Amino acid sequence: MKRIFTTILLSVTLLSAEAQIEKLAGPRVGVTMITPGSLASIIRGDVSFFSDEVRQEWTGSTGKYGAAISQYGWQWESRFADGGGDVVGIVEWIALVSGMEKGRFAPSLTSVVGARTSNGFEVGVGPSLSLGGVGMVFAIGKNFQSGSLNMPVNLVFMPGKDIDSDKFGGYTYNTGARISLMVGFNLAK
C-alpha cells in the first residue's frame, strides 16, 4: 500500500510540476458530518478514546448518533492539461485541522486529481492521510468566479472503513462515513 501511495504521489507531483499552467492557493473552511460509529462516539465525547467503555463501541455497537466537526485549512491548486477547450485538469492539495471546537486536533492532508469545466463544475478523487490512516475521498463542486476571485464550494465524501486494531486489544471498529461541505477562496494572478 505504501508503494502504491508513494508512486501515485510522485506521479502527481511530477505531472503538476511539468505541465502546470496556473497555481492558486487560499483558505478553506467547512463542516464534516460523520455517520454513527466509534469515531462519532469519541468526537461527541460519549466515550473516551482509551476508556473501557469504548470497547463496547469496538465490539459491534456503532452508537446511535453521528457527529459534526469543523474543518479549517489551506488549499493549493495547480491546473494542467489545458488545451484551450472546455475542460482543464486540476490537482489540489488540502491541509486541514478538524474538531477544534470540540478541543480536538485532527490534522489531515488530502490530494485530489480531477477536472473542471469552463462553467466551473468540478469533480475529483484522491487519497486522504490522517491520524486514522489513509482513505479515499470523492469530491464534486462548483467554482464560482467574480473577476479574478475564485470561490470553490465542494461536497466531499469519504467512505467509512472497518479497522482491525491490535493496538487497542484486538478490536474492530468502524470509522463511519464522512460527508463534508467545504468553501474557500483564492485570487487568480
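Residues numbered from 1 in each chain as written. Predicted model: local features only at pLDDT ≥ 70, side-chain atom pairs only at ≥ 80, totals over all residues. Heavy atoms only, no water.

(A) Just the pairing of strand E4 (residues 106-117), in detail. Taken together, the 12 bridges between strand E3 (residues 87-98) and E4 define a ladder with antiparallel strand orientation. Of the residues in E4, the one forming a bridge with Leu96 is Ser108. As defined by bridge partners, E4 adjoins strand E5 (residues 121-130) across 7 bridges and the pair is classed as antiparallel. Paired with Ser108 across the bridge in E5 is Ser130. The hairpin formed by E4 and E5 contains 3 residues between the paired strands, and Gly120 there has a positive phi angle of roughly 100 degrees. (Pairing = 2+ DSSP bridges. Helix = DSSP H or I, 4+ residues; strand = E, 2+ residues; numbered from the N terminus.)

(B) Representation of the pattern of salt bridges in the model. For the coordinates displayed, the defined rule picks out 4 salt bridges. Among the ionic pairs, Arg116 bridges to Glu122, the shortest N-O distance being 2.5 Å. A single burial state applies to Arg116 and to Glu122, both of which are buried. Linked through salt bridges whose partners overlap, the residues forming this network are Glu77, Arg79, Glu92, Arg116 and Glu122. (Salt bridge = Lys/Arg side-chain N within 4 Å of Asp/Glu carboxyl O. Buried < 20%, exposed > 50% of the residue type's maximum accessible area, 1.4 Å probe, protein only.)

(C) Quick peek at the environment of Val125. Relative to the elements of secondary structure, Val125 occurs in strand E5. Residue class for Val125 comes out partly exposed when judged on its relative accessible area of 34%. Along the primary structure Val125 and Val113 are separated by 12 residues, whereas in three dimensions their C-alpha atoms are 5.7 Å apart. If we skip the residues at most four places from it in the chain, Val125 touches Ser111, Val112, Val113, Met136, Val137 and Phe138. (Contact = heavy atoms within 4.5 Å.)

(D) Seen up close, the nonpolar core. Ranked by size, the top nonpolar core spans 8 residues in total: Ile94, Leu96, Val112, Val137, Ala139, Val156, Met158 and Met182. Elements represented by at least two residues in this core include exactly E3, strand E6 (133-146) and strand E7 (149-158). Every residue in contact with Val137, bar those within four places of it in the chain, is listed here: Thr110, Val112, Gly124, Val125, Gly126, Ser128, Val156, Phe157 and Met158. Core analysis: the second largest hydrophobic core is formed by 5 residues, Ile34, Ala40, Ile43 and Ala67 among them. (Core = buried A, V, L, I, M, F, W, Y, C linked by side-chain atoms within 4.5 Å.)

(E) Broad picture of the environment of Thr117. Relative to the helices and strands, Thr117 is located in strand E4. Owing to a relative accessible area of 27%, Thr117 belongs among the partly exposed residues under this scheme. Ignoring any residue separated from it by four or fewer positions in sequence, one finds Thr117 in contact with Asp86 and Val87.

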